[in-house]
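An overview of the molecular structure
Single-letter residue listing:
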Amino acid sequence: MNIFRYQDYSLEQSLKQVNVLKRVMFRKKEVKHGRGKKSFVTHEYVYNQDEDEQIRNKIINSIKHYETKLETISKKNNK
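Residues numbered from 1 in each chain as written. Predicted model: local features only at pLDDT ≥ 70, side-chain atom pairs only at ≥ 80, totals over all residues. Heavy atoms only, no water.

Quick notes on the packing of aromatic side chains
How two aromatic rings sit relative to each other is set out by the distance from centre to centre and by the angle between their planes. So the rule is basically this: Any two rings among Phe, Tyr and Trp, with Trp reduced to its six-membered ring, count as a pair given centres within 6.5 Å; such a pair is stacked if its planes are under 30 degrees apart, edge-to-face if over 60, and tilted if neither. Numbering of helices and strands starts at the N terminus; helices are DSSP runs of H or I of at least 4 residues and strands are runs of E of at least 2. When a residue's accessible area, from a 1.4 Å probe over protein chains only, is under 20% of the maximum for its type it is buried; when over 50% it is exposed; and in between it is partly exposed. Counting as a charge over the ring demands two things of the Lys NZ or Arg CZ atom: a distance within 6 Å of the ring centre and an angle within 35 degrees of the ring normal.
Inspection of every chain in the model, using the stated rule, returns one aromatic pair. Measuring from centroid to centroid gives 6.0 Å for F26 and Y45, while their planes differ by 85 degrees, and the two rings are edge-to-face. You can see F26 sitting in the loop between α1 (11–25) and β1 (28–33) and its partner Y45 sitting in strand β2 (residues 40–45), a full 19 residues away along the chain. With relative accessibility at 25%, the residue F26 sits in the partly exposed group. Sitting over the face of the ring of Y45, K28 holds its NZ or CZ atom 5.1 Å from the ring centroid. The ring of Y45 has R56 sitting right over it, with the charged end atom 3.9 Å from the ring centre.

Side note on the pairing of β2
Stated precisely, the cut-off is as follows: Strand pairing follows a simple DSSP-based rule, namely that at least 2 bridges must link the two strands.
When β1 meets β2, the two strands line up antiparallel, connected through six bridges. Within β2, the position partnered with H33 by the bridge is F40. Here β1 folds back onto β2, and the loop between the two strands holds six residues, one of which, G34, carries a positive phi near 85 degrees.

Considering the nonpolar core
For clarity, the threshold we go by: Think of a nonpolar core as a cluster: buried Ala, Val, Leu, Ile, Met, Phe, Trp, Tyr and Cys residues, connected wherever their side-chain atoms sit within 4.5 Å.
Residues L11, L15, V18, M25, I59, I63 and Y66 constitute the largest nonpolar core, which totals seven residues. If you list the elements that add at least two residues to this core, you get α1 and α2 (50–78).

Some words on the confidence of the model for the protein chain
We count it as follows: Each residue carries a pLDDT score, the predictor's own confidence in it, on a scale running from 0 to 100.
When the pLDDT values of the protein chain are averaged, the result is 85; 86% of them are 70 or greater. Across the protein chain, the secondary-structure element scoring lowest on mean pLDDT is α2, at 85, and the one scoring highest is β1, at 94.

Dropping the structure here:
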């Protein structure tokens with residue numbers, strides 16, 4: 001299922017735009033837990049709510065979709 005279809009974009013441009021969304025949604029930040037010597041740092045997503053995990057999955061699926069579309073088009077052109 002592809003939800004990131006842009007009307008006036010070609011497949012290459014759509015793939016580029018979804019990769020931009022991927023860079024934004026998969027950005028992580030360092031979060032310090034504790035105080036003093038026993039503190040530790042974990043990396044968490046900047047956008048980390050319940051719906052954001054679904055969006056990350058849709059972004060990954062859209063990237064796979066556009067890459068397979070581009071591969072099939074290139075195979076058709078090479079025949």
